[in-house]
Amino acid sequence: MDAYERITRNAAEVVTEEEVRELAADPEGRRAYVGYEPSGVLHVGHMLTANKLIDLQEAGFEVVVLLADVHAYLNGKGTFEEIEATADRMQAQFLAYGLDEEQTEFVYGSEFQFDRDYVLDLHAIELETSLARAERSMSEIQGGDTVRVSQAVYPLMQALDIVSLDLDLAVGGMEQRKVHMLARDVLPKVGYDAPTCIHTPLIADLATGIGKMSSSEGVTISMEDTTAEIEAKITDAFCPPTREPEPDDEGRERENPVLQLFEYHVFPRFAEVVVERPEQYGGDLTYDDHESLAAEMESGDLHPADAKGALVTYLDRLVDPGRERLASLR
RNA sequence: CCGCCCUUAGCUCAGCCUGGUAGAGCAGCCGACUGUAGAUCGGCUUGUCCCCCGUUCAAUUCGGGGAGGGCGGACCA
């Protein structure tokens, strides 16, 4: 796998391919980041961007994880004290999950976001951005049901973070794309380069296959789940034997979250997946890529129930180190 | 600061005029059927009726006050 392929694999969107190819041509010492609001518990959504960071480390990038405490505060996620505590725990979980401690730089937003130069730049960007645009960029991120002024400042700070942290590449889930596009528009207006971005897909809600998995609602797999909880959630998961389920009765698009978890979480971290299957159904199966697993489910050679059993096993292996780390912290 | 509207189950809301502590749909849970889930049947659960004060035998309902939210107090029509 070449550098470009590794940098972009499993990405839902690359902005722009040309810019990433330039980075891929000389990846050593390049800097990439993901910003996380320390809110709730680390779940598979976070781990998806974490997988991307691991890819980038393997490609030679320096990786920065921004623990966006100020952003969480602006987004109504609690007091600074509460946010700090969550952030510390989150950092430990990321390391346990597999980010290389030597190559990963953890930064708190509050370490630099109150600097005079930062704030002056922020005001300059505020002047260049309409309230409607800022608000629109937050549609997938916004917490609470009432739009606050702080939530309009939020995306502008995100743009400035990319400059302040001296980054070559911004990584985020697809819910971040509007914020990143805003950054690409506005930063050049105040004399900075438009940032290059990679967006990871959003995994659908486990129970319904609709929308995106989130910690605030619906069913998600978190780093705190026990084996039994993971098993219960996967057993209940929506899983028609196809990669492209029909929309539901109300016309909402549906995905297959079980296959998504295999694609974005299991196969990137395991070279081989063994599906244990009772003899009566034909015995064990082995796959070394997602494509063959998905194809066999669609053809009927792999029953969803057997796939789910394997998914539980591998997800549990992924979650286990973080769970251990969390337990030792308490 | 002024005006109008809203606040009832997890969600969207009905009920309030004509006081007697509450309903629907969806969601959720359980069971049947499928070697998963979903779909489909069958069954079930759920409430400080935003808060305080007042009137009353009795207030979710009437009156007063307060809090939170939306929209106006531009143009256009």
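Computed from a predicted structure; not experimentally measured. (Residues numbered from 1 in each chain as written. Chains lettered and ligands numbered in written order. Predicted model: local features only at pLDDT ≥ 70, side-chain atom pairs only at ≥ 80, totals over all residues. Heavy atoms only, no water.)

Q: Please explain the overall build of chain A as it appears in this structure.
A: When you go through chain A residue by residue, the secondary structure sums to 13 helices and eight strands. Out of the 330 residues belonging to chain A, those deemed buried represent 51%. When contacts within chain A are restricted to residue pairs at least 6 apart in sequence, those whose partners lie at least 24 apart make up 72%. For chain A, the exposed area adds up to about 15000 Å²; of that, 46% sits on carbon and sulfur atoms. Averaged over its 28 positive side-chain charges, chain A has a centre that lies 3 Å from the centre of its 66 negative ones. (Helix = DSSP H or I, 4+ residues; strand = E, 2+ residues; numbered from the N terminus. Buried < 20%, exposed > 50% of the residue type's maximum accessible area, 1.4 Å probe, protein only. Contact = heavy atoms within 4.5 Å. Areas by Shrake-Rupley, 256 points an atom, 1.4 Å probe, with all protein chains shown as cover. Lys, Arg positive; Asp, Glu negative; His and termini not counted. Charge placed at Lys NZ, Arg CZ, Asp CG, Glu CD.)

Q: Help me understand the nonpolar core in this model?
A: Counting residues in hydrophobic clusters, the biggest one holds 65 residues, and the most contacted among them are Ile7, Leu56, Leu169, Ile234 and Phe262. No other element matches the eight residues that helix α13 (residues 304-329) contributes to this core. Mapped onto the domain boundaries, this core takes at least three residues apiece from domain 1 (3-200) and domain 2 (227-329). If near-sequence neighbours (up to four positions away) are discounted, Ile234 is found in contact with Leu206, Ile221, Leu261, Lys308, Leu311, Val312 and Leu315. By size, the runner-up hydrophobic cluster in this structure holds 27 residues, among which are Leu66, Ala68, Met157 and Ala183. (Core = buried A, V, L, I, M, F, W, Y, C linked by side-chain atoms within 4.5 Å. Domains from an automatic or database assignment.)

Q: Explanation requested: unusual backbone geometry in the structure shown.
A: Only a minority of non-glycine residues have a phi that is not negative, and only a minority of peptide bonds are not trans. The residue after Val15, namely Thr16, is reached through a cis peptide bond having omega -10 degrees. In this fold, Thr16 is placed in the loop between β1 (13-15) and α2 (17-25). Backbone geometry at Asn10 places phi at a positive 60 degrees, although glycine is not the residue there. Tracing the chain through its elements places Asn10 in the loop between α1 (3-8) and β1. Notably, Asp166 is not glycine yet its phi reads approximately 60 degrees, a positive angle. Relative to the helices and strands, Asp166 resides in the loop between α8 (149-164) and β5 (169-173).

Q: Would you explain the pattern of salt bridges in this entry?
A: Any two side chains of opposite charge can pair if their charged atoms end up close together. For the structure on display, the rule yields 17 salt bridges. Notably, a salt bridge pairs Lys77 with Glu37, separated by 2.8 Å at the nearest N-O pair. One end of the pair, Lys77, is in the loop between α4 (69-74) and α5 (80-97); the other, Glu37, is in the loop between β2 (31-36) and α3 (44-58), and 40 residues separate them in sequence. One salt bridge in this structure joins Arg323 and Asp320, with 3.1 Å as the shortest N-O distance. With Arg323 and Asp320 both in helix α13, this residue pair falls three residues apart, about one helical turn. Exposure remark for Arg323: the relative accessible area of 16% places this residue in the buried category. In the salt-bridge network here, residues are joined through shared partners; they are Arg9, Lys52 and Asp55. (Salt bridge = Lys/Arg side-chain N within 4 Å of Asp/Glu carboxyl O.)

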